[in-house]
Every structure is written in structure tokens, then in C-alpha cells.
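So the chains spell out like this:
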Amino acid sequence: MKPRKIPLRKCVACNEMMPKKSLIRVVRSPEGDVSIDLTGKKSGRGAYLCGQASCFKLAHKNKALDRALKSPVGTEVYEQLARDFLAVEDDFIAERDRKEDADE
């Protein structure tokens, strides 16, 4: 049986290719709202970030999300994303670790 292909995505901050499920997706909806998409299924333009606060801070500093989402992301949106990102980071890392343990 042929092994299943694992989709890879690039973190917009550190430019490291990683499996899609190990990254956090930030999405700009067709209405223009920017939010974190943990399911990876929301409609709109998406950008991926590592599950690390340092990558989020680097993306904010370099305006990587602005370029990736092809839309200016305001400072209030970055502040909201920072709060959401820090709240989600622990859950995301715990979920990723559970999946890695299940795969072994």
C-alpha cells in the first residue's frame, strides 16, 4: 500500500515547511474579518504560523500576515490575535502532542 502524502505548509514568520496539522491557520474571511482557524476549514484566505509565540511576534514585526493575507491587518486586530493566540497556544501544543503519541 502506498504511504499517504502529508500536506506541508510554510510558516509565514520563520519560513519553515511543516506538516499542515502542526501549524495554526490565520484566516481572512470574505467579509474581511481576521481570526484564528483551528479547524483549518473556514472559508477565506489563510496564512500559517508555528505554534510558538516567537513566530507570532516575528510575523507582527515584519507584517508577514499583511502580505500573506493580501490585506492590511490593523494593530487592534494584531492585539486581538495576540490574545487569541496565547489562549490557544497551550491547547494547540497539547493536541499536537496527543496526535504524535497516537501516531507512534
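Computed from a prediction, not measured in an experiment: that's the story for all the values here.

**Thoughts on the overall build of the chain**
Thought 1: For the chain, the helix and strand inventory stands at 3 helices and 5 strands.
Thought 2: Sequence-ordered secondary structure for the chain, helices as α and strands as β, is β-β-β-β-β-α-α-α.
Thought 3: Over its C-alpha atoms the chain spans a radius of gyration of 14 Å, differing by no more than 12% from the 13 Å that the globule rule assigns to 104 residues.
Thought 4: A burial count over the chain gives 32% of its 104 residues as buried.

**Observations concerning the nonpolar core**
Thought 1: Ranked by size, the top nonpolar core spans 25 residues in total, and within it Cys-11, Val-12, Leu-49 and Leu-65 carry the most contacts.
Thought 2: Within the residue set of this core, elements represented by two or more residues are strand 3 (24-28), strand 5 (45-49), helix 1 (53-62), helix 2 (64-69) and helix 3 (75-103).
Thought 3: Examining the composition of this core, we find that 5 residues originate from one element, helix 3, more than from any other.
Thought 4: Setting aside its immediate chain neighbours within four residues, Cys-11 contacts Glu-16, Leu-23, Tyr-48, Leu-49, Cys-50 and Cys-55.

**Description of the pattern of salt bridges**
Two side chains of opposite charge can pair, provided their charged atoms sit close to one another.
Thought 1: Going through the model one piece at a time under the given rule, you end up with 1 salt bridge.
Thought 2: Taking the shortest distance from any N to any O, the salt bridge between Asp-37 and Arg-25 comes out at 2.8 Å. Of this pair, Asp-37 sits in strand 4 (residues 34-37) while Arg-25 sits in strand 3, and the two are 12 residues apart along the sequence. Arg-25 shares its class with Asp-37; the two are buried.

**Considering the confidence of the model for the chain**
Thought 1: Summing up the model confidence of the chain, the mean pLDDT is 84 and the portion of residues at 70 or higher is 90%.
Thought 2: Per-element mean pLDDT across the chain ranges from 73 in helix 3 up to 94 in strand 1 (residues 8-10).

**Description of the side chain of Ser-22**
Thought 1: Along the polypeptide, Ser-22 turns up in the loop between strand 2 (17-19) and strand 3.
Thought 2: Judged by its relative accessible area of 11%, Ser-22 falls in the buried class.
Thought 3: One polar contact links the side chain of Ser-22 to the main-chain carbonyl oxygen of Pro-19, over a distance of 2.8 Å.

**Let's talk about the pairing of strand 4**
Thought 1: The sheet contact formed by strand 3 and strand 4 spans 4 bridges and is antiparallel. Opposite Arg-25, over in strand 4, you have Asp-37 as the bridge partner.

**Considering helix 1**
Thought 1: Cys-55, Phe-56 and Ala-59 are the residues of helix 1 that are buried. Projection of helix 1 onto a plane perpendicular to its axis shows the buried side chains occupying an angular sector of 100°, all on one side. Facing away from the buried side of helix 1, by more than 90 degrees, are the exposed residues Lys-57 and Lys-61.

**So, the sheet that holds strand 3**
Backbone hydrogen bonds hold the strands of a sheet together, and the pairing may be parallel or antiparallel.
Thought 1: Strand order in the open sheet formed by 3 strands is 4-3-5, and the pairing between neighbours is antiparallel. For this open sheet the edge positions go to strand 4 and strand 5, each flanked by a neighbour on one side alone. Direction aside, neighbouring strands of the sheet carry axes that sit 30° apart on average.

Conventions and cut-offs
Residues numbered from 1 in each chain as written. Predicted model: local features only at pLDDT ≥ 70, side-chain atom pairs only at ≥ 80, totals over all residues. Heavy atoms only, no water. Helix = DSSP H or I, 4+ residues; strand = E, 2+ residues; numbered from the N terminus. Rg over C-alpha atoms; globule rule 2.2 N^0.38 Å. Buried < 20%, exposed > 50% of the residue type's maximum accessible area, 1.4 Å probe, protein only. Core = buried A, V, L, I, M, F, W, Y, C linked by side-chain atoms within 4.5 Å. Contact = heavy atoms within 4.5 Å. Salt bridge = Lys/Arg side-chain N within 4 Å of Asp/Glu carboxyl O. pLDDT = per-residue confidence, 0-100. Polar contact = N/O pair within 3.5 Å; in protein donor to acceptor, adjacent residues only side chain to side chain. Pairing = 2+ DSSP bridges. Arc of directions from axis to C-beta. Axes fitted to C-alpha atoms, helices over the stretch in contact; angles between N-to-C directions.

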